[in-house]
Amino acid sequence: MWGKNDIAYSLHAAPHSYSTAGLQTTDFLSYLGFERNRCAFVTTKECYSHWVEHNFNLKEFGEAFAEAFNKIEKAERHLNACGFLLAQPEGWGYFFGKPAENKKRRPFSSSYGDGHIAPKSELMKEIEGETFQFVLSWITGDRDKGWTFHYRPKHLPLLDEFQVLFGFLELKTYEECPYFKFEKCYWRFIPHESRGDSFFESNAGSVHGWFDAHSNRFEVGLKELLAAQTVVQPFNMFFLPLKDNIQILPHSPSDTITSNLFTETSISSTPTVKIDDRLAVRPTVFVCYSHKDEKEKNELLSHLGVLEAANLIELWSDDRIRAGADLEAEINQVIDRASVAILLITANFLTSEFIQKKEIPELLERHNKEDIIIFPVIAKSCVWKEVRWLERMNVRPRGEKPVWRESGRYVDEELTDIAAEIANMMKNKT
């Protein structure tokens, strides 16, 4: 209050917890326009504040902030897998009484000219997602060399709302890209970094992994960014760089995003398409097993493959990892995005050091956050009830009898029931 009729209202936020990596609540507050200041209203004597209207609903905003932050964390995980790091304008400084860290958005990416014209430029890879085409090219210049990631939507024209997302990710444009029939593309450049003479002593493996992840993670990341924006938008808060004539439509209780991002060119009309129609990604089902149980795993995959052929799921096991890839990194990426993890329980599984020390802790952490369904299948007889984390779970087959029993007499019947249950779960999720 500055006078009798000169009154303003402000919102004060004092975060009290942080994670050891990734985007922090302090960063998201900064995204939304909060500023860090000295504060007389909190015990820490410092807070993040934002001007608000007199009728601002604090309770609803608190709930919306938590929901939006959860979505932007999910977006961050998917985009990290594609080689993007979201900016951290605040970081951990607030929690330790230090200044903001101001970490830039893309610490491992920098610009090489226009990303296209160089003494040597060659195509390396092409992949597609539901909505985009992606090209990876190699550029060698006089002083620098590295990779250009090229992005082009399949459906044109591209509306302004979509450019908002690319602006947030700081993608640049090139009007006549040779890899897309001299049409416009969006791009970014990642310089080559060498720590030795071999492929494995450079950042080449990471770059190829980031590019390969685009087919099923880039679009999901964009979807989560939009979802986060729709949650906070009713409170007149924005972190996407919106233009004056752009509005992202409010989200519905079913969490469906209906922003008019895409239009398809047609002779008779140009219908708008719901974002979920274009960014629909099949839920990933991760099969976790011991390599000593390869035969049993393959039989399970045969039954689940019917669901994949019906476009209900994306089926994944570690035999899909390409030669030369980082095994642990690839598995972690899949665990991070999977909706269901099927555990093929045998004595081999329960005594595998890699599974018990690497995969199970990651899966249980996500399971505890209700981000993934763990689906244990007792494949062979073993003392699984002596394993603390497992004995508390509801296992299959029903009746707790192993799938591979009595010389395999009931294998097809049991695996059919398992596949049917997974199918019903996926249908109910959608």
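Note: the structure precedes this text.
Residues numbered from 1 in each chain as written. Predicted model: local features only at pLDDT ≥ 70, side-chain atom pairs only at ≥ 80, totals over all residues. Heavy atoms only, no water.

A. Structural detail: the packing of helix α2 (residues 58–81) against helix α4 (residues 204–232). Relative orientation of the contacting elements α2 and α4 amounts to 165°, with a least axis distance of 6 Å. Relative to α4, the element α2 lies roughly antiparallel. Helix-helix and strand crossings are classified by hand; for α2 and α4 the assignment is left-handed. Along the lines of polarity and charge, the residues of the contact of α2 with α4 split into 15 nonpolar, 4 polar and 6 charged. (Axes fitted to C-alpha atoms, helices over the stretch in contact; angles between N-to-C directions. Helix = DSSP H or I, 4+ residues; strand = E, 2+ residues; numbered from the N terminus. Parallel < 35°, antiparallel > 145°, perpendicular 65-115°, else oblique. Left-handed = near helix turned anticlockwise from the far one by under 90°. Nonpolar A, V, L, I, M, F, W, Y, C, P; charged D, E, K, R; others polar.)

B. The arrangement of the side chain of Lys297 in detail. Note on placement: Lys297 falls in helix α6 (residues 294–309). On the basis of relative accessible area, Lys297 is assigned to the buried category, the value being 0%. Leave out the neighbours within four places in its chain, and Lys297 touches Val287, Tyr289, Ser317, Asp319 and Leu344. (Buried < 20%, exposed > 50% of the residue type's maximum accessible area, 1.4 Å probe, protein only. Contact = heavy atoms within 4.5 Å.)

C. Fine view of the pairing of strand β6 (residues 145–153). Extensive coverage of β6 is indicated by the burial of 8 of its 9 residues. As judged from the 9 bridges shared by strand β5 (residues 132–140) and β6, these two strands associate in the antiparallel manner. Pairing of Ile139 across the sheet is with Gly146, part of β6. Counted between consecutive antiparallel strands, the loop separating β5 from β6 contains 4 residues. Where β6 meets strand β8 (residues 183–191), 6 bridges bridge the pair, whose relative direction is antiparallel. Paired with Gly146 across the bridge in β8 is Pro191. (Pairing = 2+ DSSP bridges.)

D. A look at the packing of aromatic side chains. Counted under the stated rule, the structure contains 31 aromatic pairs. Centroid distance Phe134 to Tyr151: 5.8 Å. Interplanar angle 90°. Geometry classified as edge-to-face. Taken together, the residues Phe134 in strand β5 and Tyr151 in strand β6 connect sequence positions 17 residues apart. An identical accessibility class is assigned to Phe134 and Tyr151; each is buried. Look at Tyr151 and Phe218: their rings are 5.1 Å apart centre to centre, the planes differ by 40°, and that puts the pair in the tilted class. Of this pair, Tyr151 sits in strand β6 while Phe218 sits in helix α4, placing them 67 residues apart in sequence. For Phe218, a relative accessible area of 0% puts it in the buried group. Aromatic rings pair up to connect Phe28, Tyr31, Phe34, Phe56, Phe61, Phe65, Phe69, Phe168, Phe235 and Phe239 into one cluster. (Phe/Tyr/Trp six-rings, centres within 6.5 Å; stacked < 30°, edge-to-face > 60°.)

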